[in-house]
Amino acid sequence: MMARNKKLLLLPGDGIGPEVMAEVRRVIDWFDKERALGFDIEEGLVGGASYDQHGTPLTDGTMDLALECDAVLFGAVGGPKWDDLDFSVKPERGLLRLRKDMDLFANLRPAVVFGPLAEASTLKPEIVRGLDIMIVRELTGGIYFGEPRGVETLPDGTRRGVNTEVYTTPEVERVGRVAFELAKKRRGLLHSIEKANVMESGLMWREDMQALHDREFSDVELQHMYADNAAMQLVRDPQQFDVMVAGNLFGDILSDCAAMLTGSLGMLPSASLGAADETGRRQALYEPVHGSAPDIAGEGKANPIAMLTSYAMMLRYSFDMPEEAGLVETAIDNVLAGGLRTGDIMQTGKARVSTKVMGEAIVAELNQVAEAA
Ligand code: IPM
Ligand code: MG
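These lines cover the structure that appears in this document, whether it is placed above or below. (Residues numbered from 1 in each chain as written. Chains lettered and ligands numbered in written order. Predicted model: local features only at pLDDT ≥ 70, side-chain atom pairs only at ≥ 80, totals over all residues. Heavy atoms only, no water.)

Taken as a whole, the largest pocket holds about 640 Å³ of empty space. Around the largest pocket sit 26 residues that line it, and Leu108, Met134, Leu182, Arg316 and Tyr317 are the ones nearest its centre. The leading source of residues in the lining of the largest pocket is helix α6 (residues 169–185), at 6 residues. The residue makeup of the lining of the largest pocket includes at least three contributed by each of domain 1 (1–114 + 264–373) and domain 2 (132–261). If you go around the second largest pocket, you meet 26 residues; those closest to its centre are Glu92, Leu95, Arg99, Tyr144 and Asp252. (1 Å grid on protein atoms, 1.4 Å probe; cavity = no way out; pocket = protein on both sides within 12 Å on 5 of 7 lines; lining within 4 Å. Points joined across faces, edges and corners; volume = space filled by probe spheres on them. Helix = DSSP H or I, 4+ residues; strand = E, 2+ residues; numbered from the N terminus. Domains from an automatic or database assignment.)

A few words on helix α10 (residues 305–317). With 13 residues, α10 should reach 18 Å at 1.5 Å per residue; the first-to-last C-alpha distance of 18 Å fits that figure. With 11 of 13 residues buried, α10 lies mostly within the body of the structure. Looking at α10, one finds that the buried residues are Ile305, Ala306, Met307, Leu308, Thr309, Ser310, Tyr311, Ala312, Met313, Met314 and Leu315. (Expected span 1.5 Å × (residues − 1). Buried < 20%, exposed > 50% of the residue type's maximum accessible area, 1.4 Å probe, protein only.)

The step from Glu147 to Pro148 runs through a cis peptide bond, and the omega angle for that step is 0°. In this structure, Pro148 sits in the loop between β5 (132–138) and β6 (150–153). The residue Ala293 is not glycine, and still its phi comes out positive at about 40°. Within the fold, Ala293 resides in the loop between β12 (284–288) and α10. Even without being glycine, Asp320 reaches a positive phi, approximately 50°. With respect to the element layout, Asp320 can be found in the loop between α10 and α11 (322–337). A relative accessible area of 64% places Asp320 in the exposed class.

We now examine the packing of helix α1 (residues 17–35) against α11. Packing of α1 against α11 leaves a shortest axis separation of 13 Å and a crossing angle of 125°. Relative to α11, the element α1 lies oblique. As α1 runs across α11, the sense of the crossing is right-handed. Contact residues: α1 offers Val27, Trp30, Phe31 and Arg35, while α11 offers Glu324, Leu327 and Val328. Across the contact of α1 with α11, the residue classes tally to 5 nonpolar, no polar and 2 charged. (Axes fitted to C-alpha atoms, helices over the stretch in contact; angles between N-to-C directions. Parallel < 35°, antiparallel > 145°, perpendicular 65-115°, else oblique. Left-handed = near helix turned anticlockwise from the far one by under 90°. Contact = heavy atoms within 4.5 Å. Nonpolar A, V, L, I, M, F, W, Y, C, P; charged D, E, K, R; others polar.)

Taking 1.5 Å per residue, 18 residues should reach 26 Å; helix α12 (residues 355–372) reaches 26 Å between its end C-alpha atoms and fits that length. For α12, the full list of buried residues reads Thr355, Met358, Gly359, Ala361, Ile362, Val363, Glu365, Leu366, Val369 and Ala370. The elements touched by buried residues of α12 are α1, α10, α11 and β13 (340–341).

The subject of this paragraph is the packing of aromatic side chains. Per the stated rule, a full pass over the model turns up 5 aromatic pairs. For the pair Trp30 and Phe31, a centre-to-centre distance of 5.0 Å together with 90° between the ring planes defines the contact as edge-to-face. The class for Trp30 is buried, based on a relative accessible area of 5%. A relative accessible area of 0% places Phe31 in the buried class. Between Phe31 and Tyr311, the aromatic rings sit 6.0 Å apart at their centres with planes inclined by 45°, giving tilted as the arrangement. Of this pair, Phe31 sits in helix α1 while Tyr311 sits in helix α10; the two residues are 280 residues apart in sequence, bridging distant segments of the chain. Members of the aromatic cluster, each reached through a chain of ring pairs, are Trp30, Phe31 and Tyr311. Note that Lys100 overlies the ring of Phe145, its terminal NZ or CZ placed 4.7 Å from the centroid. Here the guanidinium or amino end of Arg137 rests over the ring plane of Tyr144, the centre of that ring lying 5.2 Å away. (Phe/Tyr/Trp six-rings, centres within 6.5 Å; stacked < 30°, edge-to-face > 60°. Lys NZ or Arg CZ within 6 Å of the ring centre and 35° of its normal.)

What follows is the structure in structure tokens.
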């Protein structure tokens, strides 16, 4: 019997999304040709691109495709063109619906400093060299989805805006388990982030994480930290962290901060995972953290590396192919060591190249790395 090809859905989206996705295509083709890793590929619209075509940032048909396939590769959504749209059809709603309907509660955002880029960070190289942090962000709850929400006009004409931070213990525990499991495979240290000093839901988060630790993960060291302090510690001494776990909003903010330690937002990939079913299969979406960068869209300036490392995360987490993932990462490391840079990570004495040249160089390097392996 022939094994069924794995099915991928590519959602390039808006802004620089299509440009960085085009470079992933190159890598997909390389693995197809050189490693007989054939995927059945579907492509769909999301965000503003979908709104322009269908009047909605995600159609039901595309949502169904996402649920059916083995993994989704996502580019980016949003841009000033759609700023004035009603909240319900903003490009970002497409991404939020994917996360919610696929139940992708665990968002893994690794902040790793590639050796050749230690000098490209805005922080001193000795602070970031060798940095390897994994941020686990809860992705389907908290203030992003909590009810009540909205803006109302009071009888006296005053407007009142509301969003609600909500977590249940099972929601805290399921993301907590993912974080503890990752910590176990790494340095065995987990920082849990909240504002237990001002938020009841934060205090509950802290208590639930502690109880989970004591019950199931006493072999991992658990530290609790307030979110504001965590932001400060990330830029003061990031190496103190191994794995960090946070709710949706704090995780959003801290992961941007951590991304910048690595030299550029253009370097940070992410994996968004659901729960595993009986067969071990889980819903999964992979996306760069950088967003749509409308200011440079269409100019060939975007850094494709976060999109390519997102693809590597897909190989690792959806298809259990750590060696193949490693090939991609090594090729990137080598190309950076060779001195090629997109604008966002440009340093004096290095060669500034376009999105496409960077992608092509990484694919060429894949050949070298595969031969040497
Ligand atoms: C992210 C982004 C999204 C978020 C936006 C685009 C909805 O900032 O993935 O970090 O806030 O979650
Ligand atoms: Mg963000």
